[in-house]
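Examination of the molecular architecture
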Amino acid sequence: MHPHDQTIFALSSGRPPSAIAIVRLSGVGAGPALQTLTGKLPPPRLATRALLRDDRGDPIDDAVVLWFPGPASATGEDVAELHVHGSRAVITTLVSLLSAMPQMRAADRGEFTRRAFENGKIDLTEAEGLDDLIHADTDRQRRQALRQLKGLLGDKARSWRDQIIQAAALIEAGIDFADEGDVPAELIAPALAWIRQLLAEIEEVLAAQGRAERLRDGLTVVIAGPPNAGKSTLMNQLARREVAIVSPHAGTTRDLIEVALDLDGYPVTVIDTAGIRQTDDPVEQEGVRRARDRAAQADLVLWLTEDDQAELERQTDGPIWFVRNKIDLMITEQSGAISVSPESPVFAISARSGAGMSDLLEALVGFARDYFGSTEHGLITRERQRTLLSETAAALRRSIAVVDLGEELAAEELRIAALALGRLLGRVDVEDLLDVIFREFCIGK
Ligand SMILES: Nc1nc2c(ncn2[C@@H]2O[C@H](COP(=O)(O)OP(=O)(O)OP(=O)(O)O)[C@@H](O)[C@H]2O)c(=O)[nH]1
Ligand SMILES: [K+]
Ligand SMILES: [Mg+2]
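Residue numbers restart at each chain and count upward from 1, following the sequence in its written direction. Ligands are numbered from 1 and chains lettered from A, in the order in which they are written. Per-residue local features of the predicted model are confined to residues with pLDDT of at least 70, and side-chain atom pairs are confined, for both listing and counting, to 80 or more; whole-chain, interface and lining totals are unaffected and use all residues. Heavy atoms throughout the structure, all of them, feed into the side-chain values; hydrogens and water do not.

Paired through backbone hydrogen bonds, the strands of a sheet run either parallel or antiparallel to each other. A strand pair is defined by DSSP finding two or more bridges across the two strands. In this text, helices come from DSSP runs of H or I with a minimum length of four residues, and strands from runs of E with a minimum of two, each type numbered from the N-terminal end. Ordered in space as β3-β4-β5-β2-β1-β6, the six strands form an open sheet in which the pairing is mixed. Each edge of the open sheet carries a strand with a single partner, namely β3 (48–53) and β6 (104–106). Averaged over all adjacent pairs, the angle separating strand axes in this sheet is 30 degrees, with direction ignored. For strand β1 (residues 7–11) and β6, the ladder comprises three bridges, and the chain directions are parallel. Pairing of Phe 9 across the sheet is with Ala 106, part of β6. The strands touched by helix α2 (residues 88–99) within the sheet are β1, β2 (18–26), β3, β4 (59–68), β5 (79–86) and β6, with β5 carrying the most contacts at an inclination of about 150 degrees. Only the stretch in contact is used when a helix axis is fitted, and all axes are lines through C-alpha atoms; the angle between N-to-C directions ranges over 0 to 180 degrees. In this analysis, two residues are considered to be in contact whenever any of their non-hydrogen atoms come within 4.5 Å of each other.

Structure, rendered in structure tokens:
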């Protein structure tokens, strides 16, 4: 336990006004605060109606309060929740009353979760899962975050760490036995077999990753092409609202315009760009420069033109789909996927009428499916986790490689492997890291 002398509080629900607002408190002062506001402590873990009063005894609000005495609470400390009416006036009054109480202050970002972590309620991978869950935009992201929150990676890491420590103990026992000469092979062989088995498991998890990290970040699709091709019109079609200005004037779009889409559960960011052409207008030149830059970093470029002879400008080594627009103006109106060659498909659409859009959307969903792959079993969702797991695997590999040179060297590598897993779980020297991780959280979480 890391007892904090400060009690923290925060508005844990969204921005007021709202129907109901939840103010959460954690720390030794949570009980006294509840008592001061309501006159008495309610029974634990039971939603209880109570009239909140200020320090002069004037009523603030008719509320529902909850009392979770520690350590059986979310943070491991005493926790109180005040469910009040979500008006700015009620919340302001409540916050100023709480702030005036001794040893009581507003919580930093993620501070409730940090206390839960410090009190051993969750490990670091679960904290990361919690953060992902709060920020999940799509269903697939939500499911992935929930897997992490359930501690699947944490459970694995804990079990690997315990086994590595046991394998190291086997080897070290051998070293102690062998006062002179070599450690008996009967002790080393099973330890080595065990390490190989663990290495294989970790490598399997590492191989399945990458995809899961992608799901966190999403896929970027850039719409590029010559001016007036209808890029902004297509953008609006995909977004199903008027995010970008459309006009017959060539050079309308200058800035990059982004929308976040949920394509069949996959998070996709679509970016509309300035029409690419030679121009003397310095503002438009800057727009063209940004368009080229962004296209070069895209996971997929939709090169939109209204002329099927048009030159495709290749700014990226990545995939480019050729999309011919304004087919409503053509005599032969073939719409949809014209060529289904997977490397360079060609589509014909009318961004204005929507003709051919369903084929294009279907192809985009297919692209997203391939890009993200099967994420159902991905356990790693962050660079931090991948780096530490790779370090673990590397140390295990080295321990196998050096065992012939000396058992002490192998045991040392195993300690390094166990340490990396300890960091993954947040058990060892991660103090500096904690600030970085929890700063990303919401206030009140
Ligand atoms: N007939 C027809 N007109 C279209 C279609 N798509 C876009 N337009 C028209 O083409 C003109 C240019 O459309 P925008 O969406 O502004 O084109 P843009 O590529 O974003 O243009 P810039 O931002 O200037 O590069 C507008 O007048 C649109 O209404 C289409 O499918 N059919
Ligand atoms: K335009
Ligand atoms: Mg435009």
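Note on donors: an N, O or S atom is included if it sits within 2.8 Å of the metal, or within 3.2 Å for Na, K and Ca, and water is never included, so sites can look incomplete. Taken together, Ser 232 (OG) and Thr 253 (OG1) make up the full set of protein donors to the magnesium ion (ligand 3), lying 2.0 Å away. Between the magnesium ion (ligand 3) and the potassium ion (ligand 2), a separation of 4.9 Å is found. Here Ser 232, found in helix α9 (residues 231–239), pairs with Thr 253, found in the loop between α9 and β8 (257–263); they are 21 residues apart in sequence, far enough to count as distant. Of the two residues examined, Ser 232 and Thr 253, each falls in the buried class. Only protein chains enter the accessibility calculation, which uses a 1.4 Å probe; a residue whose area is less than 20% of its type maximum is buried, one above 50% is exposed, and one in between is partly exposed.

Our focus in this paragraph is the nonpolar core. For our purposes a nonpolar core is just a set of buried Ala, Val, Leu, Ile, Met, Phe, Trp, Tyr and Cys residues, chained together by side-chain atoms within 4.5 Å. Grouped together as the largest cluster of nonpolar side chains are 36 residues, with contacts concentrated most on Ile 164, Ile 171, Ile 195, Leu 389, Leu 396 and Leu 414. Those elements that place two or more of their residues in this core are α6 (152–177), α7 (185–207), α12 (383–402) and α13 (407–425). Setting aside residues up to four positions removed in sequence, Leu 389 forms contacts with Trp 160, Ile 202, Val 205, Leu 206, Ile 380, Leu 421 and Leu 424. Core analysis: the second largest hydrophobic core is formed by 32 residues, Val 221, Met 235, Ala 239 and Ala 244 among them.

Attention now moves to the site of ligand 1. In the vicinity of ligand 1 there are 23 residues, among which Lys 231, Ser 232, Thr 233, Thr 252 and Thr 253 approach most closely. Polar contacts, as counted here, are pairs of nitrogen or oxygen atoms within 3.5 Å of one another; within protein the pair requires one atom able to donate a hydrogen and one able to accept it, and residues that are adjacent in sequence qualify only if both atoms are side-chain atoms. Within the contact set of ligand 1, an oxygen atom lies 2.5 Å away from a side-chain nitrogen or oxygen of Thr 233. Accessibility throughout is a Shrake-Rupley quantity obtained with a 1.4 Å probe, and a residue counts as covered only by protein chains that appear here. The fraction of the free accessible surface of ligand 1 (650 Å²) that becomes covered by protein chains is 94%. Proximity is defined per residue: if any heavy atom of the residue lies within 4 Å of a molecule or strand, that residue is considered near it.

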